[in-house]
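Residues per chain are reported as follows:
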Amino acid sequence: MADRKPIISGNWKMHLNHFEALKLVQELSYLVTEDDIDAVDVSLHPPFTDIRTVQTVLEADRLPFHLGAQHCHFEANGAFTGEIAPSMLAKLNVSYVIVGHSERREVFGEADDMVNKKVLAILGSNMVPILCCGETLAERDANQAVSKIDGQVRAGLTGVTAEQAADMVIAYEPIWAIGTGRTASADDAQNMCASVRATVADVFGAEVADSVRIQYGGSVKPVNAKELMIQPDIDGALVGGASLDADSFARIVQYRLAD
Ligand code: PGA
């Protein structure tokens, strides 16, 4: 099995202005140690208006967190009022971009083909996409979870090279677990992440599947992080609510020290 370094990502969603962002990053820098960073990659995904501020503090204080974004457009520039181009993020040293989050899909109508265009555009700007997939409760109850995820992952990866895919992150986030306090059981999360890996294997072969990192997301908290993270096919967590508090996010990053 490839030696996949786990990645824990804080998706701040539409929370925290740039002053609050600065405070959170500074608090995290006191809590997260070098040993933690040797064991786990950490990415922070602030709202657009905070990114420059977070970039400045990360670089000035040499903090070991990767800068991330939550979203971008797929075109390089143009008349797209309100949108941000991948190259603009890359210029701020953003390295990871969340794409296809269920909130973007559901609230803003992003379909698989648009998600795919964004994946390609993010890769084209030399950043790493965190491609999200996940089923609704109705789909799960109808036994369609695996096929839904399979379709989203295949669509999201269309046109991606094997080499690019190997370095990507895929986040499995059951929609019914996001922000609800209801987490998938560790077994369930493991099975679904294993099925994401099987899809990647089917498209790109075993070697790429062995190297791609798969996160679980949906109500990850300090109390459940370890049982999720020790699963063989779970290589990280995409954390919403619990990433807004330095103490709880640091404890998730330090899951390996939990009882
Ligand atoms: P949550 O969000 O941790 O608040 O459930 C996860 C996500 O939407 O990425």
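The model shown is predicted, which means the values in this text are computed figures rather than measured ones.

Quick look at the overall build of the protein
Consideration 1: Helix and strand counts for the protein stand at 13 helices and eight strands.
Consideration 2: Computed over its C-alpha atoms, the radius of gyration of the protein comes to 17 Å, within 12% of the 18 Å expected for a compact globule of 259 residues.
Consideration 3: Dimensions of the protein, computed from the C-alpha atoms along their principal axes, are close to 50 × 45 × 35 Å.
Consideration 4: In the protein, which comprises 259 residues, the share counted as buried stands at 54%.
Consideration 5: Partitioning the contacts of the protein with sequence separation of at least 6, the portion at a separation of at least 24 is 75%.
Consideration 6: For the protein, the accessible area works out to roughly 11,500 Å², and carbon and sulfur atoms hold 52% of it.

With respect to helix α10 (residues 186–204)
Consideration 1: The terminal C-alpha atoms of α10 lie 26 Å apart, and with 19 residues this matches the ideal 27 Å at 1.5 Å per residue to within 8%.
Consideration 2: Among all positions in α10, only Ala186, Ala189, Gln190, Met192, Cys193, Ser195, Val196, Arg197, Thr199, Val200 and Phe204 are buried.
Consideration 3: Positive backbone phi, approximately 100 degrees, marks Gly205, located one or two places after α10.

Some points on the packing of helix α1 (residues 18–31) against helix α13 (residues 246–253)
Consideration 1: Between α1 and α13, the shortest axis-to-axis distance is 9 Å and the interhelical angle comes to 45 degrees. Relative to α13, the element α1 is oriented oblique. Judged by the twist between their axes, the crossing of α1 over α13 is right-handed. Residue-level inspection shows Leu24, Glu27, Leu28 and Leu31 of α1 in contact with α13, the latter providing Ala246, Asp247, Phe249 and Ala250.

Thoughts on the layout of surface pockets
Over the atoms, a rolling probe the size of a water molecule traces out where space has been left empty.
Consideration 1: Taken as a whole, the largest pocket holds about 390 Å³ of empty space.
Consideration 2: Lys13, Met14, Gln70, Arg104 and Phe108 are the residues nearest the centre of the largest pocket, which is lined by 15 residues in total.
Consideration 3: Going through the elements one at a time, α3 (48–60) and α5 (102–107) are the ones with two or more residues in the lining of the largest pocket.
Consideration 4: Considering every element that reaches the lining of the largest pocket, the biggest residue donor is α5, with three residues.
Consideration 5: Partitioning the lining of the largest pocket into residue classes produces seven nonpolar, five polar and three charged.

Some points on the site of the ligand
Consideration 1: Around the ligand there are 13 residues in total, and Lys13, His101, Glu173, Gly179 and Ser219 lie nearest to it.
Consideration 2: Contact distances for the ligand include 2.7 Å between an oxygen atom and a side-chain N or O atom of Lys13.
Consideration 3: A distance of 2.8 Å is found between an oxygen atom of the ligand and a backbone nitrogen or oxygen belonging to Gly241.
Consideration 4: Coverage of the ligand by the protein amounts to 97% of the 280 Å² it exposes when considered alone.
Consideration 5: Each residue belonging to the shell around the ligand can be placed in one class, and the counts come to four nonpolar, seven polar and two charged.

Some thoughts on the packing of aromatic side chains
Consideration 1: Under the defined criterion, the tally for this structure stands at one aromatic pair.
Consideration 2: On the basis of an interplanar angle of 55 degrees and a centroid distance of 6.3 Å, the ring pair of Tyr172 and Tyr216 is categorised as tilted. One end of the pair, Tyr172, is in strand β6 (residues 169–172); the other, Tyr216, is in strand β7 (residues 213–217), and 44 residues separate them in sequence. With respect to class, Tyr172 is no different from Tyr216; both count as buried.
Consideration 3: Between the NZ or CZ atom of Arg104 and the centre of the ring of Phe108, over which it lies, the distance is 4.0 Å.

Looking at the pairing of strand β8 (residues 236–239)
Consideration 1: Neither face of β8 is open: one carries Gly236 and Leu238, the other Ala237 and Val239, and all of them are buried.
Consideration 2: Judged from the four bridges that link them, strand β1 (residues 7–11) and β8 form a sheet pairing that is parallel. Across the sheet, residue Ser9 finds its bridge partner in β8, namely Leu238.
Consideration 3: Examined bridge by bridge, β7 and β8 share two bridges and lie parallel to one another.

Observations concerning the nonpolar core
Consideration 1: Ile8, Leu28, Phe65, Leu157, Val200 and Tyr216 are the most contacted members of the largest nonpolar core, which totals 69 residues.
Consideration 2: The element contributing the most residues to this core is α10, with six residues.
Consideration 3: The residues contacting Ile8, other than those within four sequence positions of it, are Val40, Asp41, Val42, Ser43, Gln215, Met229, Ala237, Val239, Phe249, Ile252, Val253 and Tyr255.
Consideration 4: Formed by nine residues, the second largest nonpolar core is a distinct cluster that contains Tyr96, Ile130, Cys132 and Leu238.

Some thoughts on the pattern of salt bridges
Consideration 1: Overall, the coordinates contain 18 salt bridges when judged by the stated rule.
Consideration 2: With a shortest N-O distance of 2.9 Å, Arg4 and Asp235 are connected by a salt bridge. Of the two residues, Arg4 is situated in the segment before β1 and Asp235 in the loop between α12 (222–229) and β8; the sequence distance between them amounts to 231 residues.
Consideration 3: A residue is classified by how much of its surface remains accessible, and Asp235, at 5% relative accessible area, is buried.
Consideration 4: Look at the salt bridges and you will find they share partners, linking Arg4, Arg197, Asp210, Asp233 and Asp235 into a network.

Rules of the game
Residues numbered from 1 in each chain as written. Predicted model: local features only at pLDDT ≥ 70, side-chain atom pairs only at ≥ 80, totals over all residues. Heavy atoms only, no water. Helix = DSSP H or I, 4+ residues; strand = E, 2+ residues; numbered from the N terminus. Rg over C-alpha atoms; globule rule 2.2 N^0.38 Å. Buried < 20%, exposed > 50% of the residue type's maximum accessible area, 1.4 Å probe, protein only. Contact = heavy atoms within 4.5 Å. Areas by Shrake-Rupley, 256 points an atom, 1.4 Å probe, with all protein chains shown as cover. Expected span 1.5 Å × (residues − 1). Axes fitted to C-alpha atoms, helices over the stretch in contact; angles between N-to-C directions. Parallel < 35°, antiparallel > 145°, perpendicular 65-115°, else oblique. Left-handed = near helix turned anticlockwise from the far one by under 90°. 1 Å grid on protein atoms, 1.4 Å probe; cavity = no way out; pocket = protein on both sides within 12 Å on 5 of 7 lines; lining within 4 Å. Points joined across faces, edges and corners; volume = space filled by probe spheres on them. Nonpolar A, V, L, I, M, F, W, Y, C, P; charged D, E, K, R; others polar. Near = heavy atom within 4 Å. Polar contact = N/O pair within 3.5 Å; in protein donor to acceptor, adjacent residues only side chain to side chain. Phe/Tyr/Trp six-rings, centres within 6.5 Å; stacked < 30°, edge-to-face > 60°. Lys NZ or Arg CZ within 6 Å of the ring centre and 35° of its normal. Pairing = 2+ DSSP bridges. Core = buried A, V, L, I, M, F, W, Y, C linked by side-chain atoms within 4.5 Å. Salt bridge = Lys/Arg side-chain N within 4 Å of Asp/Glu carboxyl O.

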